[in-house]
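Below are the chains, spelled out letter by letter.
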Amino acid sequence: MMRESDAGEGVGAESAVANQKTGVLHSLRASLRLPNTHTPPASPAFSLASPLSVKFQRRGSGDSRSLKHFTIAESSVALGDRLLKKGASLRRSLRLRTSKRHTSETPSTNEERPPLLSLTEADQSGDGSSRTEVTKRSAVRESYILPEIPHTPLSVMQIHKLIECEVLEEAHLNLLSLREEFIRQQGELEKLQRQQADRSSSSSPETHLARERAISPEKHLEQDPSHPQQPVSPEEMTSIQRELSHLQKDLQLLYRALRDKMAAIVRESSALPARNKELLVGVCRVVQEEERRERGGQAGGLGGWREAWREAVTCGVRQQLAAVHLDTPEHNTSWLAVHLGLLGKAIVEHLERVKAELQDSYPPTFRVFDTYVTSCHVATEEHLQRLMGRVTQLKDLHALLDFITHRYKSERIMGSFSLRPEMKEEQRELKLQEAFNADIRKAYATHTQAELRNTLERVCVLEREECWEEQLQPQVEDGILQSHLTMDISTNVKSYVVNARRIDADLEQRVTHTCLAELTHFPRRLESEFLQWSSSLLDSRMWVDYSITYINTFTQLREHMEGYRDNNPHQMSQLCRELEWSESRLRESILQHFLIQAKPLLRRMCGAKWLSTDEDFDQLISRIQELKEHNQQLMTPHAQELATALHVCVCREYLCVLMRGGYRCSKRKQQRAATKIHHQGETLNTLLTDMGSTADWLRPLSEHLSLLIGQKEKSDIRDHLKPLLLDFPDISKRHVSAVLVFRGMSGGREFQRILSRLSELKRELRSVGNAEGGVEFHSGNVEGDQQQARVEFRTTGNIDDPRRNFFASIPTPPTHACLTHTPLSCFTLLLPHTH
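Think of each chain on its own: its residues are numbered from 1, step by step along the sequence as written. Confidence filtering applies because this is a predicted model: local features only for residues at pLDDT of at least 70, side-chain atom pairs given and counted only at 80 or more, and all residues used for totals across whole chains, interfaces and linings. With hydrogens and water set aside, each side-chain value is computed from the structure's full complement of heavy atoms.

Peer 1: Residue-level account of the overall build of the chain, with values.
Peer 2: A run of H or I in DSSP counts as a helix once it spans at least four residues, and a run of E counts as a strand once it spans at least two, with each numbered from the N terminus. Looking only at helices and strands, the chain features 30 helices and 2 strands. Only protein chains enter the accessibility calculation, which uses a 1.4 Å probe; a residue is then buried when its area is under 20% of its type maximum, exposed when over 50%, and partly exposed in between. When the 835 residues of the chain are sorted by exposure, 43% land in the buried category. Surface summary for the chain: the accessible area is close to 44800 Å², and the carbon and sulfur share equals 51%. Per-residue and other accessible areas were derived by the Shrake-Rupley procedure at a 1.4 Å probe size, with only the shown protein chains allowed to occlude residues.

As structure tokens, then:
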């Protein structure tokens, strides 16, 4: 009985193995589409449009059967035998039952799996006459039916070959089968490890057997009591773990190969839409199935399939944009503008292909068009960042910013009519990263500043080469000397600001700030170079013309830049301050240039020859008239300021010569000197006032001096000190002493009384001024008693009146007033004593 049972069991085992071989052979034949007299049912693992299926069908078609076909069939049988032997060995090591596995795990071929997702119909129909464009589409359904997973997976090399041949659905089904096989073997290995641990903890095999019977009596009855399971050796356990580890690595490599192949198909789908349209359906199904298994807690693959698909889409767009033609700046100066035009055209054509051919190859949940639009944004920004590293000129930066801000979202690219209605309004704009946006705008402002700096430097160089060295006469327009510098500079600045305004208001503000900051250094640079060049110029008239021209230039430039004050008040204040300083320094240089020529004439005045001739004074008047002609070509505010400064300067120099103490009038010449001083003073006042001077307060100066010098009686001089002090409150005793010395009074009692009276009047004015808070000075003579001659005070706050500081800048010889502070009683000691 034992033998018969053993024989029966042996026959059953052999039949089970034979059935396994037959099943594998049928599966291989079905997968390879080989001709067979007894054709098994087609495996549901292959798609009807599978390229590999079609390939083998063509190779196997025909009435004649070649030897090659039988060789393939025989090799398939041998491969199945090897697979079964390897599987049987692994099962024996794991104590698995082959017959039970086949009977319990074989699914019914007639049953269909329920749909995994809800059905969505995308069929569209309409009347062609009522539409401008009718496109017949066959959209991919959202739902799908997963074919039957093969019971026995193909080998790793066979699955990899399917992946390489782009039979994605078949390869994925075998991967799922292989993954289920790995999960089962891993579970049984863990069970075997627990059993081994239980055996090692038990004291004897009988105790372990009794425990197993108590725990699972049904399972124990199934086992043969005469053949108990033997414990697995450590070597066998290590071998099993090694095989599982290899299988796990194979799974990971196959999944990685599958994902890479899917990514390659997606990347090339837009370039070859007709070829990859059917393959994209397989890509979608793989992604959907893997996501379904992840949601159901059956994740065993790589994960993140939808993100991997999106990344593949982005990589495909990157390749499309990278293929756009790009010239070098050496071959084409407008290389970037041309490239950006081609780039926009490539983006539109790419999205048009997606809309027309690729959109219907995906289920609606993939949102294909929106995904490609987002990928275009990402790839375009990366492409522009690479272009940014090659930009070296301002015009290229402007083309880049104009493309980002305006052209990209315009009707020429993202707003194209061919992309509607899929393209939404909010999807059109290219939103850059903040860091990249800030970098490109900062680079634009920096290049603008550098280009303006180079422009201003070229202006100075051209002014030296074309005007100064050639000594060209400045242009006269409307009676004013003008230069082309004002128009050139203001036009350049305006062009920078207008170009930035075309981008947006923020860039306009940044560029305006940069231009004004750079323009602040220009006046000082031009002024220093001009003064350096003019130091060797012999023609003084030409030098004055250029100086007046640049004063007018800076004035006009300040007027042109005033339009930017509202948005840039601080920068405009700095620029105006620099321009005003340059204008003031040029006016001062003109004045100093005049004094260099006039001082020799002034030094010869107020002397012996001066009383007898007017030659030097006439030359002085001629110099002033010459400067007056130049001053008429100066703009109004500067002409007035120059005339006023010249008026003050000439009067001061005239007084310096009078008070230097080099000449003393005799009694008979006092009246002549007084008359001449009054006449020359009136002549100068009239000429300089006609020139535009506003220093009317200097008019009474010549009259006061003539009265002090021409008085016949010395005592009458004290009566004229009050009007002099009212008009020029800063006059000191040293100055009055110098005038008295010029008159011929070298000292004496009356000399001291005059100085003492001056001190009293100054104290009186000081006390009244402190009490009332201000003084209003009136020119002219003041007659009458002390109350009538007193100064009219009122709170005007006229502290900055120039008359307060006129005499303070006029030096006097110290010897003229060495005894002015000596009391009169001291002089009595010097008188001879009479007895």
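Peer 1: An account of the pattern of salt bridges is requested, with residue identities and associated values reported.
Peer 2: We define a salt bridge as a side-chain nitrogen of Lys or Arg found within 4 Å of a carboxyl oxygen belonging to Asp or Glu. Within the structure shown, the criterion is met by 31 salt bridges. In this structure, E289 and R293 form a salt bridge, with 2.8 Å as the shortest nitrogen-oxygen distance. Of the two residues, E289 and R293 both sit in helix 10 (residues 273-295), 4 residues apart, roughly one turn of that helix. Given the relative accessible area of 1%, E289 is considered buried. A relative accessible area of 7% means that R293 is categorised as buried. Across the salt bridge formed by E291 and R306, the nearest N and O atoms sit 2.9 Å from each other. Residue E291 is found in helix 10, and its partner R306 is found in helix 11 (residues 305-322); the two are separated by 15 residues along the sequence. The two residues E291 and R306 agree in class, both being buried.

Peer 1: How would you sum up the packing of helix 14 (residues 394-407) against helix 16 (residues 485-503)? Please name residues and give values.
Peer 2: The relative placement of two packed helices comes down to the angle between their axes together with the axis-to-axis distance. Here, axes are lines fitted to C-alpha atoms. For helices the fit covers the stretch in contact, and angles between N-to-C directions go from 0 to 180 degrees. The interhelical angle for the contact between helix 14 and helix 16, taken along N-to-C directions, is 25°, at an axis separation of 9 Å. When the interaxial angle is binned, helix 14 and helix 16 end up roughly parallel. Contacts from L394, H398, L401, D402, T405 and H406 in helix 14 reach Y496, N499, R502 and I503 in helix 16. The classification used treats Ala, Val, Leu, Ile, Met, Phe, Trp, Tyr, Cys and Pro as nonpolar, Asp, Glu, Lys and Arg as charged, and all other residues, Gly among them, as polar. Split into classes, the residues belonging to the contact of helix 14 with helix 16 amount to 4 nonpolar, 4 polar and 2 charged. An angle below 35 degrees is read as roughly parallel, one above 145 as roughly antiparallel, one from 65 to 115 as roughly perpendicular, and any other as oblique. Working rule for contacts: check all heavy atoms of both residues, and any pair within 4.5 Å makes them a contact.

Peer 1: Please provide a residue-by-residue account of unusual backbone geometry, values included.
Peer 2: Trans peptide bonds make up the majority, and among non-glycine residues the majority have a negative phi. The linkage connecting R420 with the following residue, P421, adopts the cis geometry, with an omega of 5°. Within the element layout of this structure, P421 appears in the loop between helix 14 and helix 15 (434-468). Although it is not a glycine, E166 sits at a positive phi angle of roughly 65°. Relative to the helices and strands, E166 resides in the loop between helix 5 (156-164) and helix 6 (168-201). According to the relative accessible area criterion, E166 is buried, its value standing at 16%. You will see that D478, though not glycine, has its phi angle at about 60°, which is positive. Tracing the backbone shows D478 in the loop between strand 1 (475-477) and strand 2 (480-482). Judged by its relative accessible area of 77%, D478 falls in the exposed class.

Peer 1: Pulling in residues and values, what's your account of the state of the cysteines?
Peer 2: Any two cysteine sulfur atoms lying within 2.5 Å of each other are counted as a disulfide. All chains considered together, the criterion is met by 0 disulfides. Of all cysteine sulfurs, the one in C656 lies closest to C649, which takes part in no disulfide; the gap is 9.1 Å. Residue classification places C649 among the buried positions, given a relative accessible area of 7%.

Peer 1: Can you break down the confidence of the model for the chain residue by residue, with the values?
Peer 2: Caution applies to low-pLDDT regions: their predicted coordinates should not be interpreted in detail. The predictor attaches a confidence to each residue, and that confidence, scored 0 to 100, is pLDDT. For the chain, per-residue confidence averages 76 on the pLDDT scale, and residues scoring 70 or more make up 71% of the total. In this model residues 217-228 is a low-confidence stretch, pLDDT under 50, and it forms 9 contacts with partners more than four residues away in sequence or in other chains. Throughout residues 772-799 the model reports pLDDT below 50, and contacts reaching past four residues in sequence, or to other chains, amount to 54 contacts.

Peer 1: How would you summarise the environment of A399 if you had to cite specific residues and measurements?
Peer 2: You can see A399 is positioned in helix 14. For A399, a relative accessible area of 15% gives the class buried.

Peer 1: Can you lay out the packing of aromatic side chains for me, pointing to particular residues and giving the numbers?
Peer 2: Two aromatic rings, drawn from Phe, Tyr or Trp (for Trp, its six-membered ring), form a pair once their centres lie within 6.5 Å of each other, and the interplanar angle then sorts them: stacked below 30 degrees, edge-to-face above 60, tilted otherwise. All told, the structure shown has 19 aromatic pairs when counted by the stated rule. Arranged with centres 6.1 Å apart and planes meeting at 65°, the rings of Y255 and W305 form a pair that is edge-to-face. Placement of the pair is Y255 in helix 9 (residues 234-269) and W305 in helix 11, with a sequence separation of 50 residues. As far as the burial class goes, Y255 and W305 line up, both buried. Relative to F366, the ring of Y362 has its centre 5.6 Å away and its plane inclined at 40°; by these criteria the two rings are tilted. Note on accessibility: Y362 and F366 belong to one class, buried. An aromatic cluster of three or more residues is present, and its members are W468, F530, W533, W543, Y546 and Y550. Its end group placed over the ring of W335, R390 keeps NZ or CZ at 5.5 Å from the ring centre. The rule for a charge over a ring is simple: NZ of Lys or CZ of Arg within 6 Å of the ring centre, and within 35 degrees of the ring normal.

Peer 1: Could you give an account of the nonpolar core, naming the residues involved and the relevant values?
Peer 2: By size, the foremost hydrophobic cluster in this structure holds 189 residues, and its most contacted members are L351, F742 and F806. What F806 contacts, discounting residues up to four positions off in sequence, is V648, C651, R652, L655, W697, L698, L701, F728 and D730. Each nonpolar core is a collection of buried residues, namely Ala, Val, Leu, Ile, Met, Phe, Trp, Tyr and Cys, held together in the definition by side-chain atoms within 4.5 Å.

Peer 1: So what's going on with helix 20 (residues 569-603)? Which residues, and what values?
Peer 2: For an α-helix, the turn length of 3.6 residues means that residues three or four places apart are oriented alike. With 35 residues, helix 20 extends 49 Å between its outermost C-alpha atoms, agreeing within 8% with the 51 Å of an ideal straight helix rising 1.5 Å per residue. At Q597, helix 20 shows its largest kink, close to 40°, and the proline P600 lies no more than four residues downstream. By this rule, a helix spans an expected 1.5 Å times one less than how many residues it contains. One fitted axis covers the seven residues ending at a residue, a second covers the seven starting there, and the bend at that residue is the angle between these axes.

Peer 1: Explain the packing of helix 16 against helix 17 (residues 505-519) residue by residue, including any values.
Peer 2: Where helix 16 meets helix 17, the closest approach of the two axes is 7 Å, and the angle between their N-to-C directions is 160°. Judged by the inter-axis angle, helix 16 sits roughly antiparallel to helix 17. Crossing hand, helix 16 versus helix 17: right-handed. Contacts between helix 16 and helix 17 involve I489, V493, Y496, V497, A500, R501 and I503 from the first element and L507, E508, V511, T512, C515 and L519 from the second. Taken together, the residues that form the contact of helix 16 with helix 17 break down as 10 nonpolar, 1 polar and 2 charged. Each crossing gets its hand from how the near helix is turned against the far one by less than a right angle, where anticlockwise is left-handed and clockwise is right-handed.

Peer 1: An account of a negative patch on the surface is requested, with residue identities and associated values reported.
Peer 2: A cluster of acidic residues, E465, E466, E469 and E470, forms a negative patch at the surface. One can find E470 in the loop between helix 15 and strand 1. Residue E470 is classed as exposed on the basis of its relative accessible area of 55%. Patch membership requires more than 30% relative accessible area and the absence of a salt bridge. Residues of like charge join within 9 Å; the nonpolar side chains Val, Leu, Ile, Met, Phe, Trp and Tyr join within 5 Å. For this count, His and the chain ends are skipped, Lys and Arg are scored as positive, and Asp and Glu as negative. To locate a charge, take atom NZ for lysine, CZ for arginine, CG for aspartate or CD for glutamate.

Peer 1: Lay out helix 17 with the relevant residues and their values.
Peer 2: In a regular helix each residue adds 1.5 Å, so 15 residues correspond to 21 Å; helix 17 covers 21 Å between its end C-alpha atoms and thus fits that length. Buried residues of helix 17: L507, E508, V511, T512, T514, C515, L516, E518 and L519, and no others. Lining the buried residues of helix 17 we find helix 14, helix 15, helix 16, helix 18 (522-534), helix 19 (540-561) and helix 20. Backbone nitrogen of D506 and a side-chain oxygen of the N-cap are separated by 3.4 Å at the start of helix 17; the cap is D504. Pairs of N or O atoms within 3.5 Å make up the polar contacts considered here, provided that, within protein, one atom can donate a hydrogen while the other can accept it, and that residues adjacent in sequence are counted only when both atoms are side-chain atoms.

Peer 1: Can you break down the environment of D616 residue by residue, with the values?
Peer 2: Positionally, D616 belongs in helix 22 (residues 615-631). A residue is classified by how much of its surface remains accessible, and D616, at 11% relative accessible area, is buried. A C-alpha to C-alpha distance of 9.3 Å links D616 and R603, two positions 13 residues apart in sequence. Reaching out from D616, the side chain makes a polar contact with the side chain of R604 at a distance of 3.0 Å.

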